[in-house]
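So you can see what is in the structure, the chains are spelled out below.
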Amino acid sequence: MITGQGITRTFPGRGSMLRREPVRALRGVDFTIPDHGAVSFIGESGCGKTTLGRILCGFEEFDGGDLIIDGQSMKALSAKDRAPYFRRIQMIHQDPYSALNPTRTIRQILSDPLELRARQTGAATGWVSDRRAELLGLVGLDPDYVLPRYPHMLSGGMRQRVVIARALTVDPQVLVADEAVSMIDVSLRLGILQLLQDLRSKLGVSLLFITHDVATARYLGADGELYVIYRGSVVEQGGTDTIIQHPAHPYTQCLLSAIPVLRGIEQPGKDRLIPLAPLDERSQPPGCLFAPRCPQAAEDCTAAVPELALSGDAVQGSVTHKHACLHPQTRSVVATATA
Amino acid sequence: MSVTASLPPEQLQQALSRSRARSASRWRILVRTPGRVIALAVVIIFTLMALVGPYLYPKNLPINASDIYAPPSLAHPLGTDFAGTDILALIVTGARYVLLAAFIAAVVTLVIGTAAGLGAGYYPRSFGRPIMRVTDFVLAIPGFPLLMVLSTIWSFGSPLQMGLVLGITGWGGIARAVRAQTLSLRERGFVEAARGLGLPGRRVIGTEILPNVAPYVSMNLMIQLTGFIYTEVGLFFLGIVKYSSSNWGVMLNNAVFQADALTNPRSLSYLLSPLICILAITISLVTLANVGDEIFNPRLRRI
Amino acid sequence: MAARTEPETQTGTDSGIAAVRVRDLTVAFRTPEGDLPAVSHVNLDLFRGQITGLVGESGSGKSTLALSLLNAIPSPGQVIEGSVELGNGGNVLALRGRALRKVRGTDIGYVFQASQNSLNPLKRVGKQLLDVGRSHGERDSRELIRRARDLLDDMGLDATRVLSSYQHELSGGMRQRVGIVFALLLNANVLILDEPTTALDMLSQAQVLEIVRKVHATRHLTTLIISHDISVIGDLCDRMAVMYAGRVVEEGPTASVLATPRHPYTRALLTAMPRITGDIAEARALPGRPPDLSSIPREGCVFQPRCALATPGCLETEPPDTIEDDHRFACFVTAAETR
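First things first, this report covers the structure right here in the doc. (Residues numbered from 1 in each chain as written. Chains lettered and ligands numbered in written order. Predicted model: local features only at pLDDT ≥ 70, side-chain atom pairs only at ≥ 80, totals over all residues.)

1. So, the overall build of chain A
Working step 1: Helix and strand content of chain A: ten helices and 14 strands.
Working step 2: Relative to its length of 339 residues, chain A is compact, with a C-alpha radius of gyration of 21 Å against a globular reference of 20 Å.
Working step 3: For chain A, the spread of C-alpha atoms along the principal axes amounts to about 70 × 55 × 45 Å.
Working step 4: Out of the 339 residues belonging to chain A, those deemed buried represent 51%.
Working step 5: Partitioning the contacts of chain A with sequence separation of at least 6, the portion at a separation of at least 24 is 66%. (Helix = DSSP H or I, 4+ residues; strand = E, 2+ residues; numbered from the N terminus. Rg over C-alpha atoms; globule rule 2.2 N^0.38 Å. Buried ≥ 20, exposed ≤ 12 C-beta atoms within 10 Å, placed from the backbone. Contact = placed C-beta atoms within 7 Å.)

Following this line, the structure appears as structure tokens:
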């Protein structure tokens, strides 16, 4: 189990030497990834969700707060001691092409971590090739076809499966899929999503799914949890289905309104919010960060940053629905199937 | 509005590479075009010349005072020089110094430059700064003038000496370029993944980063070889480095300043022979420079 | 397809003779190993005042088809037969040189993907716009800038800021909008958008779709959208065509195609698409892989290798078009289904 407590991350800004404004990518984020769980982080590009994913894998430092992996605080450990913990969390990158070394065959790519493992555990000869074939089978690839090839000879979907197989070579507890299907054709996305769901039920790995496409978050399996992130803060969190059907925060409502509606089989939600002007990353509004773009912003919204609090909805099983809006309005924004 | 032609779509590329995947081999890359075959042949011939040439002739080449500046004939296919020595013999025995020194210099720059670049690029915070300071210093050293100065106290009798000096003063460029590439490769998905999987640093550098900088390094190597050849030949030609036995550069010097080859048609062969050899080897090396890119980058293989 | 004479609707959509008529278009890539078919015998009409969508996986030939409307197919692609007729200009495929350049830009505007950096990184946007205008013989710089400003304002962008920016200073969504401005600068009345929302997040995508809708309506354009994402097509387009392996396998009004898909491929695509509505347990990934050019069946139906309804007859002859109420599809098996 992984818990983030008040994770903060600020990047030194770009710009001239005189006017370098730091970018606050994450402003105190709390989250939990339970064992065998499925958690999604949703938000626009630049909201900090990718940074959070990278912090979880150990590719990025965090400036404030703490990350607790299996009961061990990461803040308390040196970089070297943290490595074995971060190894339990593996990243599936967005671009399957740049995630594979173009100069090596799939056989070599998968053998590298397996051989390391074999040496460490003193495995028998032949373990590496057996495990290799086993993992490729798990991700739905034919070893004879895939192993001798270079990455550029495989389709995007196949490459992504190889990336997943590689991540599985170290028996991870958590797979972080950072926009893992965004660069794959829509028709092939379901295959990868179902694969991830399969791995969750077969191997018990937890999934952290980072995406801007809320619809894909539904396909990770039952009892998934959703965190909506806006400019480095969580503005709403709860069960995936709860949030999709009863979004409380106006930003969530905008995100859900933006989902395209299929003519002939779906009808748009009647309170769909108009798409907004582009996000201005440089603005630093006092109080609620969303207020400048919010359709229902009131006086007290600019006074102080609203806390993330329990919404009116009751607790649902192990998941609670929280949001950070002082004046939530119920809106029916999500498309519904035409009867 | 202009729409420029671009690479064939990914699908086409996959289709082509799948149908050719079976026959990809490094040998085929070398002989893919007629130009490369010729270049390869030239390089092989000169390499053989450098290796065995001096063994084919006696240590002191025969002189024949009655046959100086003879035009090409059956006995002397390229003519003779100011002492009646066969020019062909001079060419064959003179290849060794020039090519060996250039080769040693290239190996030295390759090893030091690549190692420095990889180290500085992969560990920018710990090794990066000190290595780059040294690199900048080396880059600032003017190679050619330094050799001129050194030649007043050193006679550069062996190609090893020349090669080492050229190499030690010449690795700055490769180091810089490799460092830049390593820095950017470091952020690529597959390198991050390798680190995340627990592969040790040395391993990551060797299997993930090095093969991806190899195309650049191999091309650079070929070009540097030509640069070194020119530097040496230049030093000998200008008479800055005096050398007792003959080599191509010395031949050029003799041809122009002693035999007056620029005005005297009889000694033209003495001038042209080494010149053509130098041109041939440099053009061949440049032609083969592209081969490195294809060998190390599977995506570009069109066989 | 014969020209239809439908009465003008209230919104002013005139569906008389099509503005762009593609007839029997066949494009192949000529390689030393033989011809690889990219587009085969495609018939398609684009009507004034209507937004048409072209849906297909990577490699279906949709981009090649779009480029052929401009006669801009990159080598080794070549048009084998067929014609592309514009309302006024005759067959685009027969044009060369100056006449062709005139069509590109003044008659047809082409918008590239935002992710393809089709903007010159070394020149400011305003200067590039002027270059485009001038290369088409428009000398009046003020007029060009005025038009550009109007277009940028329509798109909700700060015209002054954008015109003086470099390409890297703009976000993906902004670059996409600039791309649309480029395409419309010379008052083209046919607009082609190639994957306009790929690589954009959900909100930016919704904004771009809204802009396309607006621009299309105000200028009464003929618009063609190409995408692998059916939800984008399903939301935005009045008509849609589905492409597979270089052929149009289904075509018709969007609502009709989505509500009652008649080709097995269309049905499979809809079942394989992650959606916000519908039962996730009913979703089925598409079997097999998208065809690559060298493995497209030369005889019989191109979809047969992946089709659940395939019969022996499907291997022998290519299915002809069946037309039912303005809804066209090519399948033996489903044509026999009772409605």
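2. Some remarks on the sheet that holds strand E4 (residues 64-69) of chain A
Residues and elements named next belong to chain A.
Working step 1: Pairing in this open sheet of four strands is antiparallel, and the strands run E2-E1-E4-E5 from one edge to the other. The sheet is open, and its two borders are formed by strand E2 (23-33) and strand E5 (72-73), each paired with just one other strand.
Working step 2: Direction of pairing for E4 relative to E5: antiparallel, over a ladder of two bridges. In the strand pairing of E5, Ile69 is matched with Gln72.
Working step 3: Along the sheet, helix H1 (residues 49-57) contacts strand E1 (2-11), E2 and E4; its crossing angle with E1, the most-contacted strand, is approximately 120 degrees. (Pairing = 2+ DSSP bridges. Axes fitted to C-alpha atoms, helices over the stretch in contact; angles between N-to-C directions.)

3. Topic: helix H10 (residues 201-237) of chain B
Working step 1: Counted at 1.5 Å a residue, the expected span for H10(B) with its 37 residues is 54 Å, but the 47 Å between its end C-alpha atoms falls short.
Working step 2: Remark: the principal bend of H10(B), roughly 50 degrees, maps to B:Leu210, with a proline, B:Pro211, within the next four residues. (Expected span 1.5 Å × (residues − 1). Bend = angle between axes of the 7 residues up to and from the residue.)

4. Focus on the nonpolar core
Within soluble globular proteins, side chains that are nonpolar tend to cluster in buried spots.
Working step 1: Of all hydrophobic cores here, the largest spans 226 residues; its most connected members are A:Val176, A:Ala177, A:Leu208, A:Val228, A:Leu255 and C:Ile192.
Working step 2: Examining the composition of this core, we find that eight residues originate from one element, helix H7 (residues 202-219) of chain C, more than from any other.
Working step 3: Those residues in contact with A:Ala177 that sit more than four places away from it in its chain are A:Ile92, A:Leu196, A:Leu207, A:Leu208, A:Phe209 and A:Ile210.
Working step 4: Grouped together as the second largest cluster of nonpolar side chains are 47 residues, B:Ile104, B:Val241, B:Met251 and B:Leu288 included. (Core = buried A, V, L, I, M, F, W, Y, C linked by C-beta atoms within 7 Å.)

5. Some remarks on the pairing of strand E7 (residues 190-194) of chain C
All names here are of chain C.
Working step 1: For E7, a buried count of five out of five residues is recorded, marking the element as mostly surrounded by other parts of the structure.
Working step 2: Of the two faces of E7, the one holding Val190, Ile192 and Asp194 and the one holding Leu191 and Leu193 are both buried throughout.
Working step 3: Bridging between strand E6 (residues 108-111) and E7 involves four bridges; their strand directions are parallel. When the bridges of E7 are listed, Tyr110 appears paired with Ile192.
Working step 4: Note that E7 and strand E8 (residues 222-227) share five bridges and pair parallel. Bridging across to E8, Asp194 finds its partner in Ile226.
Working step 5: Of the crossover connections in this fold, the one passing from E7 over H7 to the parallel E8 is right-handed. (Right-handed = clockwise from strand over helix to strand, strands pointing away.)

6. Here we look at unusual backbone geometry
Working step 1: Positive phi is not limited to glycine here, since A:Arg231 has a value of about 45 degrees.
Working step 2: Position of A:Arg231 among the secondary structure elements: in the loop between strand E9 (225-230) and strand E10 (233-239).
Working step 3: The class for A:Arg231 is buried, based on 22 C-beta atoms found within 10 Å.
Working step 4: The backbone of C:Ala245 shows a phi angle near 50 degrees, a positive value even though the residue is not glycine.
Working step 5: Here C:Ala245 shows up in the loop between strand E9 (239-244) and strand E10 (247-253).

7. Quick look at the packing of helix H9 (residues 189-196) of chain B against H10(B)
Helix-helix packing is characterised by the crossing angle of the two axes and by the distance between the axes.
Residues and elements named next belong to chain B.
Working step 1: For the pair H9 and H10, the least separation of the axes is 10 Å and the interaxial angle reads 160 degrees. Viewed along their axes, H9 and H10 adopt a mutual orientation that is roughly antiparallel. Note that H9 runs across H10; the crossing there is right-handed. Along its contact with H9, which presents Phe190, Val191, Ala194 and Arg195, the element H10 presents Val204, Glu208 and Ile209.
Working step 2: Residue composition of the contact of H9 with H10, grouped by class: five nonpolar, no polar and two charged. (Parallel < 35°, antiparallel > 145°, perpendicular 65-115°, else oblique. Left-handed = near helix turned anticlockwise from the far one by under 90°. Nonpolar A, V, L, I, M, F, W, Y, C, P; charged D, E, K, R; others polar.)

8. Considerations on the sheet that holds strand E1 (residues 20-31) of chain C
Residues and elements named next belong to chain C.
Working step 1: What the four strands build is an open sheet, ordered E2-E1-E4-E5; its pairing is antiparallel. The open sheet is flanked by strand E2 (34-46) and strand E5 (90-91), the only strands paired with a single partner.
Working step 2: Bridge count for E1 against strand E4 (residues 77-86) is eight bridges, and the pairing is antiparallel. Pairing of Arg21 across the sheet is with Glu85, part of E4.

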